[in-house]
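A look at the structure
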Amino acid sequence: MLVTIFIAACTSPNASASPTPPLAVGSITWTGCGSGFQCGNLMVPLDYSQPAGRKVSLALIKKPKQGTQPRIGSLLYNPGGPGESGVDYLRNDPSINGLNKRFDIVAWDPRGIGGSTRISCVDNATLDKDLALDGVLDDPGEKSAAIQADKDFVAGCQRRSGFLLPFMDSATTARDMDQIRAALGDAKLTYIGFSYGTLLGQWYAHLFPTHVRALSLDGVVDPGVSANESQLRQVVGFEQNLQAFLADCRSRTSCAFGRSGDPAAKLNNLMARLDSTPINVGSRQLTRNLAMTGLLQTLYDQSLWTYLDQGLVAAGNGDGRILLFFADFYNKRNSDGNYDAIQNGGFAAVFCVDFPSPSDISYYDSLGSPYQKASAFFGQWFQYGNLLCGDWPVKLKGSHTPLPIQGGPPILLVGGTNDPATPYVDAQSVNRQISGSILLTRQGNGHTSYGSSTCSHDAEDAYLIDLTLPAAGTVCTS
């Protein structure tokens with residue numbers, strides 16, 4: 001089944017309340033890699049409790065400071081996931097151009113991902129098959145197929161990448177971040193993290209509070225909630241964003257999907273048809289699972305609603321290309337049929353050690369009522385979403401509690417009031433947990449705020465550059 005939401009994680013194993021003793025700092029040799037970027041690699045310990053033991057490689061990319069203004073230092077950037085490629089994101093993110101006038105912008109592929117020492121679990125054909133399986137387990141055959149697919153996937157991860165699995169937790173990646181900081185020559189870390197990247201920022205400040213210059217955490221993850229509570233909050237958030245799209249579609253004649261008949265009823269009918277009769281798209285098929293994945297992707301960003309309208313109309317007419325395109329984008333399936341590491345174990349390897357989940361199938365069976373209440377559309381689809389982690393071979397060693405952060409400077413938190421993937425209640429909770437933190441609120445739909453609100457963008461830049469925090473209670477619009 002492999003229905004996962006690429007955003008967040010929680011507390012993790014191999015963590016302690018204090019950093020390890022100082023380590024020998026590796027070096028980075030930078031070489032040009034096109035379009036003004038420089039690329040390099042940094043070797044770090046596989047296991048920080050044995051720093052002289054086996055090493056893993058981290059792939060890094062740098063965009064050197066542009067212009068004539070004084071350089072402040074380096075700014076580390078993480079796009080979230082867990083398991084997104086920072087290298088790929090930085091290459092394609094023009095929003096950091098203002099920060100680039102004062103900082104070298106540096107991103108990395110976290111351990112297990114992309115150009116770093118990489119996790120792999122199954123082949124591309126198996127992922128194609130698994131991701132097309134129906135996630136709404138409403139008959140015995142679908143349920144059996146999904147359970148077996150999860151077990152086979154986990155076994156593949158253990159077989160192919162077992163050496164790396166115990167060391168994919170967020171605390172270990174935060175230690176990698178400190179090695180990157182030191183290798184860059186910065187006395188303190190300046191960091192912008194989005195979504196799951198906010199959890200990395202919290203772990204960094206927890207382990208290395210005196211090494212922090214400024215942390216901007218946009219789309220905040222609460223480290224103190226359980227896997228089920230986190231996912232249930234997301235179900236509510238995506239339902240609210242779907243309803244916002246449907247209401248907008250009803251209100252505009254330019255929304256073609258709402259011109260004839262109620263768009264909500266039409267959407268339900270379309271998904272029911274795809275469950276029984278997928279749409280052929282070349283040598284592939286748009287199944288209900290892939291259609292819902294494509295729809296989910298468009299709810300991350302309100303600017304994509306126009307394409308969601310087009311995709312739903314096309315699918316209703318027997319053309320599944322648009323929704324399949326967005327499903328592939330979400331699943332990180334490239335045009336050549338290869339998948340990025342995030343879907344082939346990278347996400348699960350972090351999420352499943354950071355989010356402990358029960359292995360007993362009856363636990364997931366019992367979630368039907370609260371999930372259906374949270375969303376008639378998404379509830380059943382998400383209900384068994386954490387089952388994969390129940391089978392994961394590496395288990396959480398700690399507990400789900402807030403991360404105490406003491407001795408560091410103020411941290412900026414940014415939350416959107418209708419963020420579907422990192423709900424606003426998470427940002428409010430973490431604001432209460434971190435003494436002295438400032439919560440900047442963005443009113444509106446969609447995930448994260450830096451790229452969807454000029455007000456939020458400017459406030460985050462001002463903090464990262466000048467250490468000027470917005471006033472408590474500041475509210476921005478989208």
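Everything below is about the structure shown above.
To keep things clear, this report deals only with the structure shown in the data block. (Residues numbered from 1 in each chain as written. Predicted model: local features only at pLDDT ≥ 70, side-chain atom pairs only at ≥ 80, totals over all residues. Heavy atoms only, no water.)

Moving on, we get to the overall build of the protein. Each helix and strand counted, the protein has 17 helices and 12 strands in total. Rg of the C-alpha trace for the protein: 22 Å, near the compact-globule value of 23 Å for 478 residues, within the 12% margin. When the backbone C-alpha atoms are referred to their principal axes, the protein occupies close to 60 × 50 × 45 Å. Expressed as a percentage of its 478 residues, the buried residues of the protein come to 59%. For the protein, restricting intrachain contacts to residue pairs at least 6 apart in sequence, the fraction spanning at least 24 positions comes to 78%. Surface exposure of the protein reaches about 17600 Å², of which carbon and sulfur atoms provide 52%. Within the protein, one finds 36 positive and 42 negative side-chain charges whose respective centroids are separated by 5 Å. (Helix = DSSP H or I, 4+ residues; strand = E, 2+ residues; numbered from the N terminus. Rg over C-alpha atoms; globule rule 2.2 N^0.38 Å. Buried < 20%, exposed > 50% of the residue type's maximum accessible area, 1.4 Å probe, protein only. Contact = heavy atoms within 4.5 Å. Areas by Shrake-Rupley, 256 points an atom, 1.4 Å probe, with all protein chains shown as cover. Lys, Arg positive; Asp, Glu negative; His and termini not counted. Charge placed at Lys NZ, Arg CZ, Asp CG, Glu CD.)

Its place among the elements puts Asn386 in the loop between helix H14 (379-382) and helix H15 (387-390). Each C-alpha atom of the pair Asn386 and Asp128 lies 20 Å from the other, and the pair is 258 residues apart in sequence. Contacts of Asn386, omitting those with residues within four sequence positions, involve Ala227, Asn228, Gln231, Phe351, Ser357 and Tyr364.

All right, on to the nonpolar core then. Formed by 67 residues in total, the largest nonpolar core has its most connected members in Trp108, Tyr191 and Trp392. Broken down by element, the residue count for this core peaks at 8 residues, all from helix H11 (residues 342-354). The next biggest cluster of nonpolar side chains, apart from the first, holds 46 residues, and it includes Phe238, Phe257, Leu274 and Leu299. (Core = buried A, V, L, I, M, F, W, Y, C linked by side-chain atoms within 4.5 Å.)

A few words now on the state of the cysteines. According to the stated counting rule, one finds 5 disulfides in the structure shown. Here Cys33 connects covalently by a disulfide to Cys39, the sulfurs 2.2 Å from one another. The sign of the S-S torsion, about 75°, decides the handedness of the disulfide formed by Cys33 and Cys39: right-handed. A relative accessible area of 23% places Cys33 in the partly exposed class. (Disulfide = S-S within 2.5 Å.)

Attention now moves to the environment of Thr277. Tracing the backbone through its elements, the reader meets Thr277 in the loop between helix H7 (263-276) and strand E8 (279-281). Here Thr277 falls in the exposed class, since its relative accessible area comes to 52%. Along the primary structure Thr277 and Arg288 are separated by 11 residues, whereas in three dimensions their C-alpha atoms are 8.9 Å apart.

With that settled, consider the sheet that holds strand E1 (residues 31-32). An order of E1-E2-E3-E5-E4-E6-E7-E10-E11-E12 is seen for the 10 strands of this open sheet, with the pairing classed as mixed. Each edge of the sheet is formed by a strand with only one pairing partner; in this case those strands are E1 and strand E12 (475-477). Direction of pairing for strand E4 (residues 73-78) relative to strand E5 (residues 103-109): parallel, over a ladder of 5 bridges. Residue pairing for E5: Leu75 is matched across the bridge by Ile105. Taken strand by strand, helix H17 (residues 454-466) contacts E4, E5, strand E6 (189-194), strand E7 (212-218), strand E10 (412-418), strand E11 (438-445) and E12, and its axis lies near 165° from that of E7. (Pairing = 2+ DSSP bridges. Axes fitted to C-alpha atoms, helices over the stretch in contact; angles between N-to-C directions.)

A separate point is the side chain of Asn100. Along the chain, Asn100 falls in the loop between helix H1 (86-91) and E5. By relative accessible area, which is 2% here, Asn100 ends up buried. Here the side chain of Asn100 touches Lys63 through a polar contact of 3.0 Å, landing on its backbone oxygen. The residues contacting Asn100, other than those within four sequence positions of it, are Lys63, Pro64, Lys65, Gln66 and Ile105. (Polar contact = N/O pair within 3.5 Å; in protein donor to acceptor, adjacent residues only side chain to side chain.)

Bringing helix H9 (residues 305-316) into the picture now. Across its 12 residues, H9 extends 16 Å between first and last C-alpha, which sits within 8% of the 16 Å expected from 1.5 Å per residue. Looking at H9, one finds that the buried residues are Trp305, Leu308, Asp309, Gly311, Leu312, Ala314 and Ala315. (Expected span 1.5 Å × (residues − 1).)

Remark: H7 packs on H9, axes separated minimally by 10 Å, with the N-to-C direction vectors making an angle of 50°. Regarding the angle of H7 to H9, the classification is oblique. Regarding H7 and H9, the two cross each other, and that crossing is left-handed. Across the interface between the two elements, Leu267, Leu270 and Arg273 from H7 touch Leu312, Ala315 and Gly316 from H9. Class assignment for the residues of the contact of H7 with H9 results in 4 nonpolar, 1 polar and 1 charged. (Parallel < 35°, antiparallel > 145°, perpendicular 65-115°, else oblique. Left-handed = near helix turned anticlockwise from the far one by under 90°. Nonpolar A, V, L, I, M, F, W, Y, C, P; charged D, E, K, R; others polar.)

Inspection of the secondary structure puts Asn418 in strand E10. Here the side chain of Asn418 touches Asn445 through a polar contact of 2.6 Å, side chain to side chain. Those residues in contact with Asn418 that sit more than four places away from it in its chain are Gly237, Gln240, Asn241, Gly444, Asn445 and Gly446.

Remember that the coordinates give geometry; whether it matters functionally is a separate question.
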